[in-house]
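# Residue-level structure breakdown
Residues per chain, in single letters:
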Amino acid sequence: SQQGEEDPQALSIQEGENATMNCSYKTSINNLQWYRQNSGRGLVHLILIRSNEREKHSGRLRVTLDTSKKSSSLLITASRAADTASYFCATDANPSGNTGKLIFGQGTTLQVKP
Amino acid sequence: DAGVIQSPRHEVTEMGQEVTLRCKPISGHNSLFWYRQTMMRGLELLIYFNNNVPIDDSGMPEDRFSAKMPNASFSTLKIQPSEPRDSAVYFCASSLRTGEYNEQFFGPGTRLTVL
């Protein structure tokens with residue numbers, strides 16, 4: 001089964017609103033990554049958060065990690081139509097996080113309406 | 001840097017035919033991954049290589065699938081014979097495995113349709 005599971009599966013918001021996506025995982029992790037996939041394209045790495053970090057920012061992105069709940073969230077602030085995409089969380093198949101083999105969740109499809 | 005290059009971008013073939021997908025990873029990267037993505041099953045890892053050596057092929061669905069990496073700059077994924085259920089988008093990704101974490105860089109994918 002997938003290590004990471006995102007929710008909601010789909011999210012539709014208006015431009016300018018914030019979008020929050022959640023990811024839950026099953027085993028301990030070394031780090032957790034978020035990726036974006038635009039329609040018809042490959043995945044693009046957005047941000048990585050280490051297991052000893054609780055929050056990380058990159059531009060309009062904010063990622064939080066709660067290792068006690070085995071969950072992470074991705075917040076996109078002031079969303080734009082160009083943020084329309086699917087978003088995936090990913091963790092290493094090995095809890096020590098050094099195999100390089102990533103397990104991806106099913107993804108959240110975000111639609112931002114202009 | 002051109003990024004990960006995949007060819008062809010689209011492939012339409014008939015059931016029973018052999019299909020070969022190609023991938024050129026980012027120069028200097030030492031890990032290469034093949035994924036398959038469908039609506040029903042999401043993104044599945046098929047096989048990955050470290051330093052041209054296959055490390056984990058547990059995701060390869062059956063013997064009809066095979067992958068090779070003859071050198072650091074080229075890999076192929078072959079399906080023989082192809083079946084309609086193999087229709088999917090196949091992605092190749094590469095990364096520079098440093099030991100701490102491994103951001104993967106994805107190619108644009110090959111959309112395979114088996115009739």
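Let us look at the structure shown here. (Residues numbered from 1 in each chain as written. Chains lettered and ligands numbered in written order. Predicted model: local features only at pLDDT ≥ 70, side-chain atom pairs only at ≥ 80, totals over all residues. Heavy atoms only, no water.)

This part covers the environment of Cys-92 of chain B. All names here are of chain B. For Cys-92, the position within the fold is in strand E9 (residues 88-95). For Cys-92 and Pro-25, which are 67 residues apart along the polypeptide, the C-alpha to C-alpha distance reads 7.9 Å. Apart from the residues within four sequence positions on either side, Cys-92 is in contact with Val-4, Gln-6, Cys-23, Leu-32, Phe-33, Trp-34, Phe-105, Phe-106 and Gly-107. (Helix = DSSP H or I, 4+ residues; strand = E, 2+ residues; numbered from the N terminus. Contact = heavy atoms within 4.5 Å.)

All right, on to the interface of chain B and chain A then. Listed per partner, the contact involves 23 residues of chain B and 23 residues of chain A. Here chain B and chain A share an interface that buries about 1700 Å² over both sides, 46% of which is from carbon and sulfur atoms. The tally of links from chain B across to chain A stands at 1 salt bridge. Note that Lys-101 of chain A and Asp-56 of chain B form a salt bridge whose closest N and O atoms lie 2.5 Å from each other. The tally of links from chain B across to chain A stands at 3 residue pairs in polar contact (both at pLDDT 80 or more). Residue assignment for the side of chain B that touches chain A shows that the elements contributing at least two residues are strand E4 (31-38) and strand E5 (42-50) of chain B. Among the elements that take part in the side of chain B that touches chain A, E5 of chain B stands out by supplying 5 residues, more than any other. Of the residues belonging to the side of chain B that touches chain A, the class tally is 9 nonpolar, 8 polar and 6 charged. (Buried area = accessible area lost by both parts, 1.4 Å probe. Salt bridge = Lys/Arg side-chain N within 4 Å of Asp/Glu carboxyl O. Polar contact = N/O pair within 3.5 Å; in protein donor to acceptor, adjacent residues only side chain to side chain. Nonpolar A, V, L, I, M, F, W, Y, C, P; charged D, E, K, R; others polar.)

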